[in-house]
Structure formats: structure tokens, C-alpha cells
Amino acid sequence: MAKLVLETSKPTEASVVVKEALELEALRIKYSLNLARSRLEKFENKYNISSDRFIDEWSAEDLQGGDMEYVEWEGEYRMASRLNERLLTIESIEYAAS
């Protein structure tokens, strides 16, 4: 496991600030991820296919709305994936007092 070292003249206060900032960022990401999942669900219900399968197998020609709808669905999928990775990274951080 890698360690990240921060130097400060106020270690207790800095620890609280960093922890709160990460918690706030995690909440923001969870909110954004819920919005993205909601938008993905609309596409999945409309076309009766999972987003994972859509990304792996479908093209713009397969969609009733064509190119624009394809771009929107793929964009939401990619955004949700990036948000999920970022959330996992934040949640993997462990705090250790020194």
C-alpha cells in the first residue's frame, strides 16, 4: 500500500480538513453517480438492454434516436464509470495518525 505524506504545522487540524474534504467529495460523487445511473436506467428501459451490453454490442444504427442518443448514452456510461472509479479511490483511503 502506498503512503501519502502531508507536512503541516497543524497536523490535527489538517487531518480534519483533509478528511472532511474527502467525505464531501465522496458525497458529491455519490450524488452525481445517482443522477448518471438514473439517466442510464431510462435508456436501458427504453431499449430493454443493459448499459454494459449496449457499450459492448450496439452502434448508433441500432437506436431509434440514432447518433445523438447513442452519444448521450455512451457519455453517461463513461461518466458513471469514471465517477465510480473516483469514489472507489476515495473510499480506499485509510487514515493513520503519526
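The notes below deal with the structure included here. By convention here, each chain's residues receive numbers from 1 onward along its written sequence. Reporting of local features is limited, given that this is a predicted model, to residues whose pLDDT is at least 70; pairs of side-chain atoms are given and counted only at 80 or more, and all residues count toward the totals for whole chains, interfaces and linings. Water and hydrogen atoms were dropped before computing side-chain values, which therefore reflect all heavy atoms in the structure.

1. Focus: the overall build of the protein
When its secondary structure is counted, the protein shows three helices and zero strands. Secondary structure elements of the protein occur, N-terminal to C-terminal, as α-α-α. Put simply, the radius of gyration uses C-alpha atoms, and a globule should come to 2.2 Å times the residue count raised to 0.38. Scaling as 2.2 N^0.38, a compact globule of 98 residues should have a C-alpha radius of gyration of about 13 Å, whereas the protein reaches 19 Å, well beyond that. Dimensions of the protein along its principal axes, counting C-alpha atoms only, are 60 × 25 × 20 Å. Only protein chains enter the accessibility calculation, which uses a 1.4 Å probe; a residue is then buried when its area is under 20% of its type maximum, exposed when over 50%, and partly exposed in between. Split into buried and exposed, the 98 residues of the protein put 26% on the buried side. Contacts between residues were defined by any pair of non-hydrogen atoms, one from each residue, lying within 4.5 Å. Across the protein, the fraction of contacts at a sequence separation of at least 24, relative to all contacts at a separation of at least 6, is 56%. A 1.4 Å probe and the Shrake-Rupley method give the accessible areas. Residues count as covered only by the protein chains that appear here. For the protein, the exposed surface amounts to about 7700 Å²; the carbon and sulfur share of it is 52%. Strands are runs of DSSP state E lasting at least two residues, helices are runs of H or I lasting at least four, and both sets are numbered from the N terminus onward.

2. Some words on unusual backbone geometry
The backbone of N48 sits at a positive phi, close to 55°, despite the residue not being glycine. Tracing the backbone through its elements, the reader meets N48 in the loop between helix 1 (11-47) and helix 2 (51-57). With a relative accessible area of 71%, N48 lands in the exposed category.

3. Brief notes about the packing of helix 1 against helix 3 (residues 67-91)
In this analysis, axes come from line fits to C-alpha atoms, helices being fitted only over the stretch in contact, and the angle between any two N-to-C directions falls in the range 0 to 180 degrees. For the pair helix 1 and helix 3, interaxial distance at closest approach is 9 Å and the crossing angle is 150°. Between helix 1 and helix 3, the interaxial angle falls into the category roughly antiparallel. The interaxial crossing formed by helix 1 with helix 3 has left-handed handedness. Between 65 and 115 degrees an angle is taken as roughly perpendicular, under 35 as roughly parallel, over 145 as roughly antiparallel, and anywhere else as oblique. Handedness of a crossing follows from how the near helix is turned relative to the far one, being left-handed for an anticlockwise turn of less than a right angle and right-handed for a clockwise one.

4. Some remarks on the pattern of salt bridges
Just to be clear on terms, a salt bridge is a Lys or Arg side-chain nitrogen sitting within 4 Å of an Asp or Glu carboxyl oxygen. Evaluation of the coordinates by the stated rule reveals seven salt bridges. Between R86 and E25 there is a salt bridge whose closest N-O contact spans 3.1 Å. Of the two residues, R86 sits in helix 3 while E25 sits in helix 1, which places them 61 residues apart along the sequence. Between E91 and K30 there is a salt bridge; the shortest N-O distance is 3.8 Å. Placement of E91 in helix 3 and of K30 in helix 1 is noted, with a sequence separation of 61 residues between them. Looking at E91, the relative accessible area reads 46%, which means it is partly exposed. Within the structure, one salt-bridge network assembled from shared partners comprises E25, R28 and R86.

5. Focus: the nonpolar core
Working definition of a nonpolar core: buried Ala, Val, Leu, Ile, Met, Phe, Trp, Tyr and Cys residues. They are joined through side-chain atoms within 4.5 Å. Core analysis: the biggest nonpolar cluster contains 17 residues, and I29, L33, L40, F54, W73, A80 and L87 have the highest contact counts within it. Every element with two or more residues in this core is listed here: helix 1, helix 2 and helix 3.

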